[in-house]
Amino acid sequence: MKRTLGVCYYPEHWPEDIWAEDAARMVEAGLSWVRIGEFAWSRLEPSEGDYQFEWLDRAISVLGDAGLKIILGTPTATPPRWVTKKHPDMYAVDAEGRVLGFGSRRHYCFSHQGYLAECRKIVLKLAERYGSDQRIAAWQTDNEYGCHDTTISFSEAAKTGFQDWCAQRYQSPDALNRAWGNVFWSMEYADFSEIELPHLTVTEANPAHVMAFRRFTSDQVVLFNRAQTDILRAHSAAPLIHNYMGRVTEFDHFDVGADLDIASWDSYPMGFLMDRLDATHDHIAAYLQQGDPDFQAFHHDLYRAVGKGRWWIMEQQPGPVNWAPWNPSPLPGMARLWAWEAFAHGAETVCYFRWRQAPFAQEQMHAGLLRPDSVAAPGLAECAQVGREIETLPEVGTAKAKVALIYDYPSAWAWEVQPQGQDFDYFRLVFSCYRALRRAGLSVDVISSDAQLDGYKLVFAPGQFAMSDALKARLASLDGLVVVGPRSASKTDEFTIPVPLPPALPGLDITVSRVESLPPSAGLDVQGGGSVGHWLEDLEGSAPVLLALETGKPVMMGDGALRYLGGWPSTTLWDRIVTEACDELGIATERLTAGLRIRDTDTHRFVFNYSAMPLEYHGQTVEPAGVLWIALSET
Ligand code: GAL
């Protein structure tokens, strides 16, 4: 497939007489897509019912005439002032009960029916006007669901919605009381209307209550998005896309993705290194101008699954951003490397954010491909280089990996609801496994817990809080090797401890009889190398012991094909688990130098140097921020 480049553009920010020159320069830089419109509601409908689409018509003409394909965003992430005045209770409310009001963006609660009706109206207007316009080659719904912690809302609208959701799920208050265990502390309800949202309680709320609220919250995002996709589909055949984010777990992206054609995400590697990775000072120092070598790749692999194979980068960092604690400049070459890395993981399109740096408002310190004075910023030349390279590289397709890693959003909620040890974080656990797979030079498919496993040789399912019998059976029948745990299958869907005790894997006599969490300073050595920390389980049963602490206490048990891991492995232990499993299966691994990462497509091996110094790969030098592609036949 031919890869393409694009850019995010805000015609409403610039005088109309520079649009044509902007468009021509975009084409000259090798861009073929332009995303517009996603924050423009106050210009599209300045007051209720006063629709002003003529300027957008002209922008579409100018961009389309230049040969650019347009992604039109629905503007629902930024309701204008008149909408919020009309619906003064439409704002989200945080856990402390504070209203998150007007003056920035994403100032709405997903559950507010009045706001939803306003969204339907503006989306319908756009769909009617542009749905059959061939220049609109894709649609983006809203912008970054979940950004600025706006998914979970404790508003009145959310409360009513949650009560309805509970009534539908449980059918009777008795059934809900039983499912949640409300006899404990006399928390029983006589009517669904008595149920409060789980915040501002004296001490912790019932975890089953919180988990139900988290499921409801996620469903509200799905419904909000679906309200738009239903309208757009009725009027347009162009693909529907949403732009997701890095390490956002508050809603189930697989559920939202089911209503869309393409998943995209917004990749800001250096911002993420600073504020989303719990990175040590040394790690930040090593990757300050590059970003973490695995964080982008993880999300590429995740969103490939969310998009059912079709995924994009909708926003790619082009230079310093404005929102991280510190905002350094990328190493020369990184704006090119990040794009190639996305392509190697199967991205169809990479769009840079944004065309020209805005000299006004919140993001005036955020780089674009152009400076505020329209002179090229350093990112533009790198973008143009990728544009030229796309023309020369043979078309590459995405290969199915041999190794899969299950990622499950409800598990992220579950361990937030009940961490049991304060640093037990689901994303961190899964990502530690992913990193080990990448250090071993493996290409990985991140998959949902509903995915079919055919074709995979090695599957990991860490931290998956509830596991259906169907999933257990699929894992147990894999023709390969499966590592389940730690803490997997340890709850029912309703957040109770299952009996028989976990993990209850088919054909394996292993019982987790007790668990303990450990502070970061406590690492327990494992025989043969490595250690466990954060989390350790007492494993009983007759299954063979595959790994044990120095004290003899079992850490991993199982048979040739299905294994249960009862602790959170250190880096060294993950490396052992991965390489030993691959050795058994005959999957080739190689220990990569820190900063070097590889990814195989169906025809090529891509090599990326995330470090700040030249590194060797199989006799070839890869410069800092360098990218190599080697035909697989030559590796
Ligand atoms: C994204 C967002 C953009 C812009 C960008 C800045 O989160 O979608 O609108 O704010 O960040 O890095």
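Quick summary incoming for the structure in this document. (Residues numbered from 1 in each chain as written. Predicted model: local features only at pLDDT ≥ 70, side-chain atom pairs only at ≥ 80, totals over all residues. Heavy atoms only, no water.)

**Description of the site of the ligand**
Here is step 1 of the chain: Neighbouring the ligand are Phe 39, Arg 105, Asn 143, Glu 144, Asp 266, Tyr 268, Glu 315, Trp 323, Phe 353, Glu 363 and His 366.
Here is step 2 of the chain: Here an oxygen atom of the ligand and a side-chain polar atom of Glu 363 are 2.3 Å apart.
Here is step 3 of the chain: Here an oxygen atom of the ligand sits 2.7 Å away from a polar atom, N or O, in the side chain of His 366.
Here is step 4 of the chain: Expressed as a share of its isolated accessible area of 310 Å², the protein-covered part of the ligand is 95%.
Here is step 5 of the chain: Residues belonging to the shell around the ligand are distributed by class as follows: four nonpolar, two polar and five charged. (Near = heavy atom within 4 Å. Polar contact = N/O pair within 3.5 Å; in protein donor to acceptor, adjacent residues only side chain to side chain. Areas by Shrake-Rupley, 256 points an atom, 1.4 Å probe, with all protein chains shown as cover. Nonpolar A, V, L, I, M, F, W, Y, C, P; charged D, E, K, R; others polar.)

**Observations regarding the packing of helix α3 (residues 54-65) against helix α5 (residues 113-130)**
Geometry of a packed helix pair, given as the angle between the helix axes and the separation of the axes.
Here is step 1 of the chain: Relative to each other, α3 and α5 sit at 45 degrees, their axes nearing to 12 Å. Classified by the angle their axes make, α3 and α5 are oblique. As for how α3 packs across α5, the hand of that crossing is right-handed. Residues Glu 54, Leu 56, Asp 57 and Ile 60 of α3 lie in contact with α5, whose contacting residues are Leu 126, Arg 129 and Tyr 130.
Here is step 2 of the chain: Among the residues forming the contact of α3 with α5, the class breakdown is four nonpolar, no polar and three charged. (Axes fitted to C-alpha atoms, helices over the stretch in contact; angles between N-to-C directions. Helix = DSSP H or I, 4+ residues; strand = E, 2+ residues; numbered from the N terminus. Parallel < 35°, antiparallel > 145°, perpendicular 65-115°, else oblique. Left-handed = near helix turned anticlockwise from the far one by under 90°. Contact = heavy atoms within 4.5 Å.)

**Focus on the pattern of salt bridges**
For side chains of opposite charge, pairing can occur when their charged atoms come near one another.
Here is step 1 of the chain: The tally for this structure, following the rule as stated, stands at 46 salt bridges.
Here is step 2 of the chain: In this structure, Arg 247 engages Asp 425 in a salt bridge whose closest nitrogen and oxygen atoms are separated by 2.8 Å. Within this pair, whereas Arg 247 is found in the loop between β5 (240-244) and α9 (253-257), its partner Asp 425 is found in the loop between α15 (409-417) and α16 (426-439), the two being separated by 178 residues in sequence.
Here is step 3 of the chain: By relative accessible area, which is 18% here, Arg 247 ends up buried.
Here is step 4 of the chain: Among the ionic pairs, Asp 373 bridges to Arg 371, the shortest N-O distance being 2.6 Å.
Here is step 5 of the chain: Under the relative-accessibility criterion, Asp 373 is labelled partly exposed at 46%.
Here is step 6 of the chain: Through salt bridges that share partners, Asp 292, Asp 294, Glu 341, Arg 435, Arg 438 and Arg 597 make up one connected network. (Salt bridge = Lys/Arg side-chain N within 4 Å of Asp/Glu carboxyl O. Buried < 20%, exposed > 50% of the residue type's maximum accessible area, 1.4 Å probe, protein only.)

**Considering the side chain of His 112**
Here is step 1 of the chain: Looking at the secondary structure, you find His 112 in the loop between α4 (81-86) and α5.
Here is step 2 of the chain: Among the polar contacts made by the side chain of His 112, one reaches the main-chain amide nitrogen of Gly 114 at a distance of 3.2 Å.

**Section: the side chain of Arg 605**
Here is step 1 of the chain: Tracing the sequence through the fold places Arg 605 in strand β21 (residues 604-609).
Here is step 2 of the chain: Within polar-contact distance, the side chain of Arg 605 engages the side chain of Tyr 617 at 3.0 Å.
Here is step 3 of the chain: If we ignore the near neighbours within four places in the chain, the residues touching Arg 605 are Glu 590, Ile 598, Arg 599, Asp 600, Tyr 617, Leu 628, Trp 629, Ile 630, Leu 632 and Thr 635.

Shape descriptors only; they carry no functional weight alone.
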